[in-house]
Structures are given as structure tokens and as C-alpha cells.
Amino acid sequence: MSATEESTSPKKYRDVDHAQVTSVLPDGDVPITDHALASDDAVLVALGYKQEFKREFSLWTTFCVSFAVLGLLPSFASTLYYGMGYAGTGGMVWGWLIAMVFIQCVAMAMAELCSAMPTSGGLYYAAAVLAPPGYGPFAAWITGWSNWIGQVTAAPSVDYALAAMILAAGSIANPDYVPTTWQTYLLTVLILIIHTVISSMPTKWIATFNSWGSTFNIIALFITIITIPAATSNSPKFTSAADVWGTIYNGTDYPDGVAILMSFVGVIWTMSGYDSPFHLSEECSNANIASPRAITMTSAVGGLFGWFLQLVVAYTVTDIDSVIGSDLGQPWASYLLQVLPQKTAMAILALTIVCGFSMGQGCMIAASRVTYAYARDDCFPLSGLWKQVNNRTQTPVNAVILNGVLGILMCLLIFGGTVAIGALFSIGAIAQFIAFAIPIAIRVFIVGDRFKPGPWNLGKMSKPIGATGAMFVFVMLPILCLPSVTGNDLTADLMNWTCLVYGAPMLAVSIWWVVDAKNWFKGPKVNVEHSLYIEDVTGVPPLQEEGEKEDDTAVTVSKDGADSKDAVA
């Protein structure tokens, strides 16, 4: 914007305090506004973005979306094969505790980043800002694509598991009924379409829907934890503590220690939803405090109640082999039928199905906000379409529809068999974990004093906690890629295809970066007018009065995102 093109309306400098914001804008680069800003809007403007959403999420409703994405009951049901099948009851009860200590470190380190940079871009924005000079765009590119791949596969994988659970319930009720592949696919598509419609609604409606969904999730979890030990038909009712805590059922070809580490896959996948408040921070009031609190609450509450559920199952399961190898193809349903009367088992399964629907909905919301945030910075082809905010709903409807269509296409893997569709699950854990770890590791090992903690921070424990979380991810990455068997036992059906299904797209985007993207992708794209002061800005008034002379150099962002520097008369 040149001096001749400048609007005749007076501009006002608002000196947004950078003390508790780590922004892509350097200190002294003051955003320009022509109206007063609420505190949340001022923080977002300091990060380089204008406010486009309504802030109708609170701490509670943000936590509700995050807890819905976590989906303890349906997540546990979907990953029971890994926890119980790899390490048995011993791995379930104290293996979960070990994993949760480290996962909580990852969550707290992420929450600290969220407090300093509460944007929808989340981890991607943090990686761009914190990376060493010259490496920010590449760090953002890798973090963003890894996070997006994990996010966009979450709803399809959850909805597929939900459809399989619904049809398994039908098979239990009617033993003559055998679901076909087409029925599984069409039911999955129907659920995805419903979630797409709900996620396109106004923010307030979405917040209310997810508040009710998460409340039901919590109630259902309590009912399950209480009902199973109370109604179990086992005789004796419970397995001895010595057997539960001391028995390692090693379902792998590796030593017991490695088998326990492999059982962490279920914990990591179950607990991978706590980043959702980061992506919803532009729709949350008091975001730089409420959003990090929601992250830590989700991880802590989910970890604690997840462990209670592990204890219940570990103390009541009687035959692990029959649960893992049941013809139903659904270990959770097999377990319920093993320890409960059929009607009670069906009731618990019904609760799990409803919770699974809420979980898939939360996943769709979180993924759409990530898609919107990355499109806003022109990461995708046709980004101009995906970053549009609907005028009626004030939500990124186009981004929601894109994710829904991609989900429907990905679910065609159902026709490729269980190994092919299982790839959706394997992508989620490793993709999200890598995206979580990159900005945390940069902040701990590289940044030094360039990071400015937000109002929610870990103080002196920041680097030790962050380093612990980052090292845990480093240790777990090869574990997440191990197949359960080795040697002659290893077949295509038992192979762990994580390296391929995650590595292939990440290799593709890395090649894209080298060949082309490095020439035009520069990281987060500032979309607010801002003024770059050459000298110290301590004397600049917080809000310049109308008619006062504007000085120094104005830096604005053109439509293609390139900075232009023009002298202001």
C-alpha cells in the first residue's frame, strides 16, 4: 500500500504489549487499528492475525471439545488390542501410568506454547516463530503437514471404528446378520456427512453440542467404570492383584520391556486429542489462559480416568486370547460379552457408540480449524477457497467440507481390507506426536531467551518438563513403527505399515519443499496492517490520537502476502 493508496480514514497505532507474546512480528512492530481492541483481539493482533471468529468458547466448552476428541471410552475400545494384546494386564495398569507421566510433560509444554501463541495454527505457528533464523518456514512446513495429516485422518478413523462397532452390535443382537464391506463403508460415509454438517454450524451451536456430548462422555465413563465390576458374572469376580500387576502377557516377539513400550501405542492414540484447545484458541475468550488450562485439564483428567478404566478391565478380564482373537473383530465387544450378561454388555456397548459419535464430531471440528489456519497462510492448493469464513455461521465451512470429502475418499481403504484401513489409525499417533515434539524441542534446545512465556507458564520447570516430553517422543518414534511379530511370522497382514502410510506423504511434501515450496512459502502470513518502528518504541503512545502525524515506515501486507515498505508522509 503506497502513500497515495492509503485510506483517508485516520490510522491509530495500538502498542500491543509483546511481553507475554512470542510473535512472528518482532518487538516494536506495532499493529495498526482504527478501533479499540478487546484483550483477546489485541493478543491475536500482536501475533499478526485479525479476529475473524466469534469468541464463544469458554474454558469449559473448549475442554468439552478437547475431551470429546480424546473420547476415552471409544478410544479405549478401539485400541484395546494394543494395550491388552501387547503386554497384558501388567502393561495396562502400570504401563499406562508410566506413559501418562511423559504424555503429561508433552501436554504441559504444549500448553505453555499455547499461552504465548494462542492461534488456530497452533504448533505450526510456534515452530515457525521459534526456529533459528532462516529455518522458520521449513520447520513450519514439516510441523504443519504432519499435524494436518494426523488431524484429517482422525475423524475418518474414528467414524470407521464407530460404524464397525454399530454393525458388531447388530451381529450380537442377530447372530444371522453378517455386515458387508459396502454396509460398513456407507454407514461410515453417513456418519462423516452428519459430522460435516454439525461442524459447519455457528460457533455457539457447536460449543453447545460438544458441551452436551462431552457431558455424556463423562457420565458414560462413570457408568462403565461402576457397572462392569458391579455386574460382572465372573467367579471369582476379580483377578488377584498379584496376577494383574505382575503378569506380562507378551503378545509380541520382543522382550517384555519392548512389549510394554509397544503397548504405549494405545495410550498415545487415546491421549492425542489434547491439542484441540490450541486450534480453538481464536474462538475462545481469555484464550492465553483458558486454552492452556483446557490442554492440561484434558490430559490430566483423561489420563486419570483412563487409568481407572484400565484397572477395571485388567481386574475382570478372564481370557485375553479369546478377547483379542474373537470372530466379532471388536475386542471391546468381545470383552464385554466375556465378563457381563448380554443385555448389560449391549447397554455398555451402546454408551460407547454414542460417545464415539461425539468423539468423531470433536475430531472434525479440530481438523477443520487446522485446515483453515494453514490455508490462511496459503499452504494448500486453492487456499483462497479453504480459508474463507462463512458470513452467516462465522465458521470455516469450506474447510469443513474439504475435510469431509477427504474423509469419505480415505474410507475407500475399507475395500482394501483390515490392513489398508488400519493405516488410518497408525498415521494418527505418529503424525500428531511428531507435530507436538518439533516446536517443543526447538523451544527447549534451540530458542534460548527468544521465547517469551505467556501468562500460563511452567516457570523454572519449563525446560526440564519440555525436554522430558521431547525425549519421550524421540524414544517412542521407532517403537510406533515396530510390527508385533518378526522373522517367518511376519506377513503382509501383520506388518506395521506406519512407516509407509506416514512416511510416503511426508516424503512427498519434503520433495515439494525442495523443488518448489521453499521459493514461495515463508511461514505464517501476517494479515493485519502493522508499522515497523526503526527506533525504540517505548515513547510511542498506546493509542495515537486521531489527526496526529504518522511517522517512520509502514509495513502492510499485500493480497499475495508479500511485505511492502512505503514511507508515510
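Please refer to the structure higher up on the page.
What counts as what
Residues numbered from 1 in each chain as written. Predicted model: local features only at pLDDT ≥ 70, side-chain atom pairs only at ≥ 80, totals over all residues. Heavy atoms only, no water. Patch = residues over 30% accessible without salt bridge, like charges linked within 9 Å, V, L, I, M, F, W, Y side chains within 5 Å. Areas by Shrake-Rupley, 256 points an atom, 1.4 Å probe, with all protein chains shown as cover. Salt bridge = Lys/Arg side-chain N within 4 Å of Asp/Glu carboxyl O. Helix = DSSP H or I, 4+ residues; strand = E, 2+ residues; numbered from the N terminus. Buried < 20%, exposed > 50% of the residue type's maximum accessible area, 1.4 Å probe, protein only. Axes fitted to C-alpha atoms, helices over the stretch in contact; angles between N-to-C directions. Parallel < 35°, antiparallel > 145°, perpendicular 65-115°, else oblique. Left-handed = near helix turned anticlockwise from the far one by under 90°. Contact = heavy atoms within 4.5 Å. Nonpolar A, V, L, I, M, F, W, Y, C, P; charged D, E, K, R; others polar. Phe/Tyr/Trp six-rings, centres within 6.5 Å; stacked < 30°, edge-to-face > 60°. Expected span 1.5 Å × (residues − 1).

Enquirer: An account of a nonpolar patch on the surface is requested, with residue identities and associated values reported.
Expert: The grouping of Trp-182, Leu-186, Ile-401, Val-405, Leu-409, Leu-412 and Phe-415 at the surface amounts to a nonpolar patch, some 690 Å² of accessible area in total. Those elements giving two or more residues to the nonpolar patch turn out to be helix 7 (181–199) and helix 17 (397–410). Considering the arrangement of structural elements, one finds Phe-415 in the loop between helix 17 and helix 18 (418–445). Residue class for Phe-415 comes out partly exposed when judged on its relative accessible area of 36%.

Enquirer: Which residues make up the packing of helix 6 (residues 154–173) against helix 15 (residues 342–376), and what values go with them?
Expert: Where helix 6 contacts helix 15, the axes come no closer than 9 Å and their chain directions differ by 160°. With respect to each other, helix 6 and helix 15 are oriented roughly antiparallel. Classified by chirality, the crossing of helix 15 by helix 6 is left-handed. Residues Ala-154, Ala-155, Val-158, Asp-159, Leu-162, Met-165, Ile-166, Ala-169, Ile-172 and Ala-173 of helix 6 lie in contact with helix 15, whose contacting residues are Gln-342, Met-346, Leu-349, Thr-352, Ile-353, Gly-356, Phe-357, Met-359, Gly-360, Cys-363 and Met-364. For the contact of helix 6 with helix 15, the class distribution of residues is 16 nonpolar, 4 polar and 1 charged.

Enquirer: Go over the packing of aromatic side chains, please, and point to the residues and values.
Expert: Counted by the stated rule, this structure contains 33 aromatic pairs. Between Tyr-82 and Tyr-86, the aromatic rings sit 5.8 Å apart at their centres with planes inclined by 65°, giving edge-to-face as the arrangement. Note that Tyr-82 and Tyr-86 are positioned in helix 3 (residues 72–116) at a spacing of 4 residues, about one turn of the helix. Using a relative accessible area of 26% as the deciding quantity, one classes Tyr-82 as partly exposed. Relative accessible area serves as the criterion here: at 10%, Tyr-86 is assigned to the buried category. Taking 6.1 Å as the distance between ring centres and 40° as the angle between the ring planes, the aromatic pair formed by Trp-307 and Phe-308 counts as tilted. Owing to a relative accessible area of 18%, Trp-307 belongs among the buried residues under this scheme. For Phe-308, a relative accessible area of 30% corresponds to the partly exposed category. Of the aromatic side chains, those joined through ring pairs into one cluster are Tyr-124, Phe-138, Trp-141, Trp-145, Trp-148, Tyr-374, Phe-380, Trp-512, Trp-513, Trp-520 and Phe-521.

Enquirer: A description of helix 15 should follow, citing residues and the corresponding values.
Expert: A rise of 1.5 Å per residue sets the reference length of helix 15, with its 35 residues, at 51 Å; its end C-alpha atoms lie 51 Å apart and thus fit the reference within 8%. In terms of residue burial, helix 15 counts as a mostly covered element, since 27 of its 35 residues are buried.

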